[in-house]
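The residues making up each chain are set out below.
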Amino acid sequence: QVHLVESGGGLVQPGGSLRLSCAASGSIFRVNVMDWYRQAPGKQRELVAWITRDDMTRYVDSVKGRFTISRDNGKNTVSLQMNSLKPEDTAVYYCHAVISSDSATFTTYWGQGTQVTVSS
């Protein structure tokens, strides 16, 4: 089985920075797209950023220029560097990945979520 483990969340003041990390482990043939979602209380989960295996990236407009997604294919990890954080960035952040256990399988997995709180 495959599971994703997240780390790096916490409390930070507005304008500060945090770096989230997510590691995939288990029966992995290939990790395909990896991305980060977030969900604030009372709101729907939204896609924040995604990255392909060859490092093509996309960001939601609200974080563009402030957040940077990156990955290490050798370690099966993805990170989200978050700079210039705003209170509106407060949410539970979820790592997500599409992972193949063999050449014919594609399965989606979710991390457990990590809390990011931006407050003075």
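Residues numbered from 1 in each chain as written. Predicted model: local features only at pLDDT ≥ 70, side-chain atom pairs only at ≥ 80, totals over all residues. Heavy atoms only, no water.

A.B. asks: Before we move on, could you go through the sheet that holds strand β1 (residues 2-7) and cite the residues and values that matter?
C.D. replies: The four strands lie next to each other as β1-β3-β8-β7, forming an open sheet whose pairing is antiparallel. Where the open sheet ends on each side, the last strands, each with one partner, are β1 and β7 (67-72). Here the strands of the sheet are splayed against their neighbours by 15 degrees on average, with no regard to which way each runs. For β7 and strand β8 (residues 77-82), the ladder comprises six bridges, and the chain directions are antiparallel. Bridge assignment links Ile69 to a residue of β8, and that residue is Leu80. (Pairing = 2+ DSSP bridges. Helix = DSSP H or I, 4+ residues; strand = E, 2+ residues; numbered from the N terminus. Axes fitted to C-alpha atoms, helices over the stretch in contact; angles between N-to-C directions.)

A.B. asks: Kindly report on the packing of aromatic side chains, identifying the contributing residues and their values.
C.D. replies: If you walk through the whole model with that rule in mind, you get one aromatic pair. The ring of Tyr94 has Arg45 lying over it, and the distance from NZ or CZ to the ring centre is 3.8 Å. Across from the ring centre of Trp110, 4.8 Å away, lies the NZ or CZ of Arg45, which sits over that ring. (Phe/Tyr/Trp six-rings, centres within 6.5 Å; stacked < 30°, edge-to-face > 60°. Lys NZ or Arg CZ within 6 Å of the ring centre and 35° of its normal.)

A.B. asks: Please provide a residue-by-residue account of the nonpolar core, values included.
C.D. replies: Counting 28 residues, the largest nonpolar core has Trp36, Phe67, Val78, Leu80, Met82 and Tyr93 as its most contacted members. Elements that contribute at least two residues to this core include exactly β1, β3 (18-26), β4 (30-39), β5 (46-51), β7, β8, β9 (91-100) and β11 (114-118). The leading source of residues in this core is β9, at five residues. In this structure Met82 touches Gly16, Ser17, Leu18, Leu20, Arg66, Phe67, Tyr93 and Val116, once residues within four positions along its chain are discounted. (Core = buried A, V, L, I, M, F, W, Y, C linked by side-chain atoms within 4.5 Å. Buried < 20%, exposed > 50% of the residue type's maximum accessible area, 1.4 Å probe, protein only. Contact = heavy atoms within 4.5 Å.)

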